[in-house]
Amino acid sequence: MKDNIALIGFMGSGKTTVGRILARSLDMKFIDIDRCISIREKKTIPEIFEELGEKYFRDLEREIIEEESRDNNIVISTGGGAIIDNVNIKNLKQTSFVVFLDCNVETIYERVRRSKNRPLLNNSENLFEKIKDLHEKRQTLYKISADFSIEITSETNLYDSVEKIKNAYILS
Ligand code: S3P
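What counts and what doesn't
Residues numbered from 1 in each chain as written. Predicted model: local features only at pLDDT ≥ 70, side-chain atom pairs only at ≥ 80, totals over all residues. Heavy atoms only, no water. Axes fitted to C-alpha atoms, helices over the stretch in contact; angles between N-to-C directions. Helix = DSSP H or I, 4+ residues; strand = E, 2+ residues; numbered from the N terminus. Parallel < 35°, antiparallel > 145°, perpendicular 65-115°, else oblique. Left-handed = near helix turned anticlockwise from the far one by under 90°. Contact = heavy atoms within 4.5 Å. Nonpolar A, V, L, I, M, F, W, Y, C, P; charged D, E, K, R; others polar. Near = heavy atom within 4 Å. Polar contact = N/O pair within 3.5 Å; in protein donor to acceptor, adjacent residues only side chain to side chain. Areas by Shrake-Rupley, 256 points an atom, 1.4 Å probe, with all protein chains shown as cover. Phe/Tyr/Trp six-rings, centres within 6.5 Å; stacked < 30°, edge-to-face > 60°. Buried < 20%, exposed > 50% of the residue type's maximum accessible area, 1.4 Å probe, protein only. Salt bridge = Lys/Arg side-chain N within 4 Å of Asp/Glu carboxyl O. Arc of directions from axis to C-beta.

**Student:** Please explain the packing of helix α2 (residues 33-41) against helix α3 (residues 45-52) as it appears in this structure.
**Tutor:** A packed helix pair is summarised by two numbers, namely the angle formed by the two axes and the spacing between the axes. One way to put it is that α2 packs onto α3 with a least axis distance of 9 Å and a crossing angle of 60°. Considered as vectors, α2 and α3 are oriented oblique to each other. Of the two elements, α2 crosses α3, and the hand of that crossing is left-handed. Facing D34, I37, S38 and E41 of α2, the residues of α3 in contact are I45, I48 and L52. Counted by class, the contact of α2 with α3 contains 4 nonpolar, 1 polar and 2 charged residues.

**Student:** Explanation requested: the site of the ligand in the structure shown.
**Tutor:** Contacts to the ligand come from 13 residues, most closely from K15, D34, R58, G80 and R138. In this structure, R118 approaches the ligand through a side-chain N or O atom, which is 2.9 Å from an oxygen atom. A distance of 2.7 Å separates an oxygen atom of the ligand from a polar side-chain atom of R138. When the free accessible area of the ligand is taken as 390 Å², the share hidden by the protein chains comes to 94%. Across the shell around the ligand, the residue classes tally to 5 nonpolar, 3 polar and 5 charged.

**Student:** I'm lost on the packing of aromatic side chains in this one. Help?
**Tutor:** Each aromatic ring pair is described using two quantities: the centre-to-centre distance and the angle formed by the ring planes. Summed over all chains, the structure comprises 5 aromatic pairs. Each ring, one from F100 and one from Y142, has its centre 5.1 Å from the other, and the planes form 15°; the classification is stacked. A residue pair is termed long-range when its members are at least 10 positions apart, and F100 in strand β4 (residues 96-103) and Y142 in helix α7 (residues 127-145) qualify at 42 residues. This pair shows no difference in class: F100 is buried, exactly as Y142 is. A network of ring pairs unites the aromatic residues F97, F148 and Y169 as a single cluster.

**Student:** How should the pattern of salt bridges be read in this particular structure?
**Tutor:** Where charged atoms from two side chains of opposite charge approach closely, those side chains can pair. Under the definition given, this model contains 13 salt bridges. A salt bridge links R62 to D59, with the nearest nitrogen and oxygen atoms 3.3 Å apart. Remark: D59 and R62 occur in helix α4 (residues 54-69); sequence separation between them is 3 residues, near one turn of the helix. Overall, R62 belongs to the partly exposed group, its relative accessible area being 26%. With relative accessibility at 26%, the residue D59 sits in the partly exposed group. Here E110 ties to R113 by a salt bridge, and the two come within 3.1 Å at their closest N and O atoms. Linked by salt bridges that have partners in common, K55, D59, R62 and D85 make up one network.

**Student:** So what exactly am I meant to see when it comes to helix α5 (residues 86-95) here?
**Tutor:** For an α-helix, 3.6 residues make a turn, and residues three or four places apart therefore share a direction. Restricting attention to buried positions, one finds in α5 the residues N88, I89, N91 and L92. Summarising the axial view, the buried residues of α5 lie within an arc of 170°, below the 170-degree limit, and thus occupy one face. In α5, the exposed positions that point more than 90 degrees away from the buried face belong to N86, K90 and Q94. Looking at the buried positions of α5, the neighbouring elements they touch are β1 (4-8), α4, β3 (74-77), β4 and α7. Two to three positions downstream of the cap, the backbone nitrogen of V87 sits 2.9 Å from a side-chain oxygen, assigning the N-cap of α5 to D85.

So far we have only geometry, and geometry alone does not tell us how the molecule works.
Written as structure tokens, this is what we have:
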């Protein structure tokens, strides 16, 4: 069994919510990478993207994932784009049981459409198409990075998902 659990998945798949419940029920510490980035920069994620650019954000994301992965007994919630970078996958897999929250496009759309916190989706003329496109591009990466995948739909009971993840982790 690895020391940590890392949650990966598209924006709006529920990584933060599931991560908090999971951490509490396994008596582990919860770490949200986006929150760490925000605290370090004293800026919101949209402000970082707008003022410093995506590359700056990705560099920080890589640095913080590397630092946090060295800790133990933690549940790490990653940003939806963390898997784009091989280094992040390598660092996460070294110490964490990696769980993919596999959420369908319709549910993601419903969850993020009013959000102002997702710079990659802001100002999209056709938000549904934008999500569908990005989702398709990333889906393989999520799948091959994961030790365990769990489907998430609008009907999913989060506590059931947490139980399934817990069991898979304990048996790993
Ligand atoms: C991103 C997802 C966001 C955040 C940033 C970039 C992405 O995190 O890291 O806006 O590339 O998918 P959430 O998945 O928590 O929304």
